[in-house]
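# What the coordinates show
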Amino acid sequence: MKVVKFGGSSLADSEQFRKVASIVKADPDRRFVVASAPGKRFSSDVKVTDMLYRCYEMVRNHEDITEYYQQICERYNSIIRDLGLNFDITGELEYIRNAIQHHSGRDFAASRGEYLNSLILAKFLGFDFIDAESVVFFHENGLYDDEKTDEEMRKELKKHEYAVIPGFYGVMPNGTIKTFSRGGSDITGSIVARAADAELYENWTDVSGCLMADPRIVKDPLPIKTITYRELRELSYMGASVLHEDAIFPVRYAGIPINIRNTNEPDAPGTMIVASTNEYDSEHVITGIAGRKGFSVINVEKDMMNSEIGFGRKILDVLEDNDISFEHLPSGVDTMSVVVATQYLDARRERVLTSINKRVRPDSVVIEDGLALLAVVGRGMVKAKGTAARVFVALSDAGINIRMIDQGSSELNIIVGVEEHDLEKALNAIYLEFVK
Ligand code: ADP
Ligand code: ASP
Ligand code: MG
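Around ligand 1, the surrounding shell holds 17 residues, and the nearest of these are Lys5, Gly8, Thr205, Asp206 and Leu211. Note that an oxygen atom of ligand 1 is positioned 2.8 Å from one of the side-chain N or O atoms of Asp206. Partitioning the shell around ligand 1 into residue classes produces eight nonpolar, five polar and four charged.

Structure representation (C-alpha cells):
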C-alpha cells in the first residue's frame with residue numbers, strides 16, 4: 001500500500017481536487033491520503049494558511065475579522081460548489097470563526113486550513129476522515145511525540161480501508177492544537193507512511209520532482225532521478241523547500257522510499273528518495289545545490305588560542321547558555337568563527353558579546369551579518385577529484401567573494417559562505433559549471 005500526500009497547490013481549487021481524485025483512484029494501493037490547506041491558485045494569490053494566521057493577528061489587534069474571514073469561507077464553499085458536493089460546512093466555518101475570535105490560539109487557527117480541506121477531500125473521494133488531533137501527539141515541551149504517535153496512528157489506521165488525514169497539526173497533552181513548522185504536512189505524510197508500513201510515500205506537489213536547484217533562482221533546473229535521504233536532508237536544510245527537512249526521519253528509519261511527484265504532470269516519474277544508492281550512479285558529479293540567507297559570523301581572535309585548552313568549549317557554552325545553536329565552526333590557529341542564524345542571535349547580541357569577552361578574554365570579538373550559505377551536495381563527489389576547485393573557480397569567475405568554506409567530513413557536501421546579495425548569482429554560476 002501507498003501513502004500519498006498532496007500539497008497546497010495540488011488542492012487549491014476544484015480543478016486541482018479533480019486531478020487529485022483521479023490520481024488517487026488510479027491505484028487502489030493509494031489508501032491513505034494526507035492533505036494540505038488550499039495553496040495559491042496563481043502567483044499573487046494568498047494561501048489559506050496565511051489568511052488564517054492573518055485572522056489570528058487581527059483578533060490580537062482587536063480588529064473585526066468577519067469580512068476577511070468571509071474570503072476563507074468562499075474558498076472552501078467554491079470548491080464544494082464546483083465539485084457538486086452535497087456537503088454543508090457552514091456550521092464548521094461558524095464554529096471556527098467563533099473560536100478564532102475567542103482567542104483559540106495561533107496554531108489552532110492555522111490548523112483549520114488542513115482540517116477543512118481534508119473534510120472536503122474525504123467526502124469527494126468517499127474515504128473516511130481521521131482527524132490528526134486523535135493520532136498525532138506532541139509533548140508538554142512542544143516537541144513531537146514520536147512514540148505515542150506511532151502507536152496510536154497504527155491502531156487507528158488498522159480500522160480504515162481508505163482514509164484522508166489532515167497534515168500539519170496534532171495535539172498537546174492538555175488538548176490544545178499544535179502545528180509543526182511551515183510546510184509540516186510533509187512530516188505528517190511521513191509519519192502516516194511509517195505507521196501504515198507503506199511500501200512507498202508519494203509526495204505530490206507542483207514540480208516534477210526535486211530539481212537540481214531552486215526553480216525560482218535557476219532557470220529550468222534538471223530534475224533529480226534518484227537522491228539519498230542524506231543528500232536531500234542537506235539540500236532541504238539549506239533551502240530546497242520542496243520537502244520539509246524533518247519529513248525524512250520517520251520514513252528513513254523504516255526504509256520507506258519517498259517519491260516526489262507532480263500533480264499537474266502525473267505521468268512524470270518524479271524523484272525517488274532512497275536509503276542507499278550503491279545501485280544508482282548519479283548522472284552528474286553533484287546531485288543538487290541550495291542556499292539560504294540570514295546568517296551571521298561571530299569572529300573571535302586571540303593570540304596563542306591554539307594552546308588554550310577549552311577555548312572552543314567556553315565559546316560554545318556561551319551560545320548554549322543563550323539558547324543559540326551553531327551551524328559551522330571554521331577555525332584558524334588564533335581565530336575561531338561561529339556561524340549562527342541571525343534570527344536566533346538578534347535578541348541576545350549584546351549578551352553574547354559580553355559573555356564571550358568575560359569567558360575567554362579575546363583580543364577581539366566581532367559579529368558580521370549578511371552571510372548566505374550555499375550547499376553543493378552530491379554522493380558522486382567522493383569519487384570525483386577536484387569538485388571543490390571547480391566550485392571555487394566558478395565563483396571567482398563570476399566575481400563572487402567567498403567568505404567561508406566548510407567541507408563535510410563525509411564528502412557529501414561542500415558549504416560555501418557568500419554575501420547575501422551574491423547568493424542567486426553564486427547558485428547560477430555553480431549550476432552552470434556542473435550542468436552543461
Ligand atoms: P507543496 O505545497 O506541494 O508542499 P511547496 O511549495 O512546499 O509545495 O514545495 C514545492 C516548491 O518548492 C516548488 O514549487 C519550488 O518553487 C520550490 N523549490 C525550492 N527548491 C526546489 C528544488 N530544489 N526542487 C524543486 N522545487 C524546489
Ligand atoms: N499549510 C501549511 C503551510 O502552508 C502546511 C503545509 O502546507 O505543509 O505551511
Ligand atoms: Mg510543502
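The subject of this paragraph is the environment of Val338. Turning to its location among the elements, Val338 is positioned in strand β13 (residues 335–341). Once residues within four sequence positions are removed from consideration, Val338 is found in contact with Ser296, Val297, Ile298, Ile315, Leu319, Phe326, His328 and Leu329.

It is worth spelling out the sheet that holds strand β9 (residues 258–262) at this point. Sheet architecture is open: eight strands sit in the order β3-β4-β2-β1-β7-β9-β10-β8, paired in mixed fashion. Two strands close off the open sheet at either side, each with one partner strand: β3 (128–129) and β8 (226–228). Inspection of the sheet shows strand β1 (residues 2–6) paired to strand β2 (residues 30–35) by five bridges, in the parallel sense. When the sheet's bridge partners are listed, Lys2 is paired in β2 with Arg30. Across the face of the sheet, helix α5 (residues 106–125) comes into contact with β2, β3 and β4 (163–166) while running at roughly 170 degrees to β4.

Looking now at the site of ligand 2. Around ligand 2, a shell composed of Ser36, Lys47, Thr49, Glu114, Phe168, Arg182, Gly183, Gly184 and Ser185 is seen. At 3.5 Å from an oxygen atom of ligand 2 is found a side-chain nitrogen or oxygen belonging to Ser36. In the environment of ligand 2, an oxygen atom lies 3.0 Å from a nitrogen or oxygen atom belonging to the backbone of Ser185. Within the complex, the protein chains bury 93% of what would otherwise be the 270 Å² of accessible surface of ligand 2. In terms of residue class, the shell around ligand 2 is made up of one nonpolar, five polar and three charged.

We now examine the sheet that holds strand β12 (residues 326–328). Pairing in this open sheet of six strands is antiparallel, and the strands run β12-β13-β11-β14-β16-β15 from one edge to the other. Only two strands of the sheet have a single partner each, and these edge strands are β12 and β15 (402–407). Put simply, the sheet's adjacent strands are angled 40 degrees from each other on average, direction ignored. Relative to β13, strand β11 (residues 288–301) runs antiparallel, the two being bridged by seven bridges. Each residue of the ladder has a partner; that of Ser296, found in β13, is Val340. Here helix α10 (residues 311–321) sits on the sheet in contact with β11, β12 and β13, set at roughly 25 degrees to β13. Of the strands in this sheet, β11 and β14 (364–377) touch helix α12 (residues 349–360), which is tilted by about 110 degrees from β14.

Rules used throughout
- Residues numbered from 1 in each chain as written.
- Chains lettered and ligands numbered in written order.
- Predicted model: local features only at pLDDT ≥ 70, side-chain atom pairs only at ≥ 80, totals over all residues.
- Heavy atoms only, no water.
- Near = heavy atom within 4 Å.
- Polar contact = N/O pair within 3.5 Å; in protein donor to acceptor, adjacent residues only side chain to side chain.
- Nonpolar A, V, L, I, M, F, W, Y, C, P; charged D, E, K, R; others polar.
- Helix = DSSP H or I, 4+ residues; strand = E, 2+ residues; numbered from the N terminus.
- Contact = heavy atoms within 4.5 Å.
- Pairing = 2+ DSSP bridges.
- Axes fitted to C-alpha atoms, helices over the stretch in contact; angles between N-to-C directions.
- Areas by Shrake-Rupley, 256 points an atom, 1.4 Å probe, with all protein chains shown as cover.

Such coordinate-based values are descriptive only and should not be taken to indicate function.
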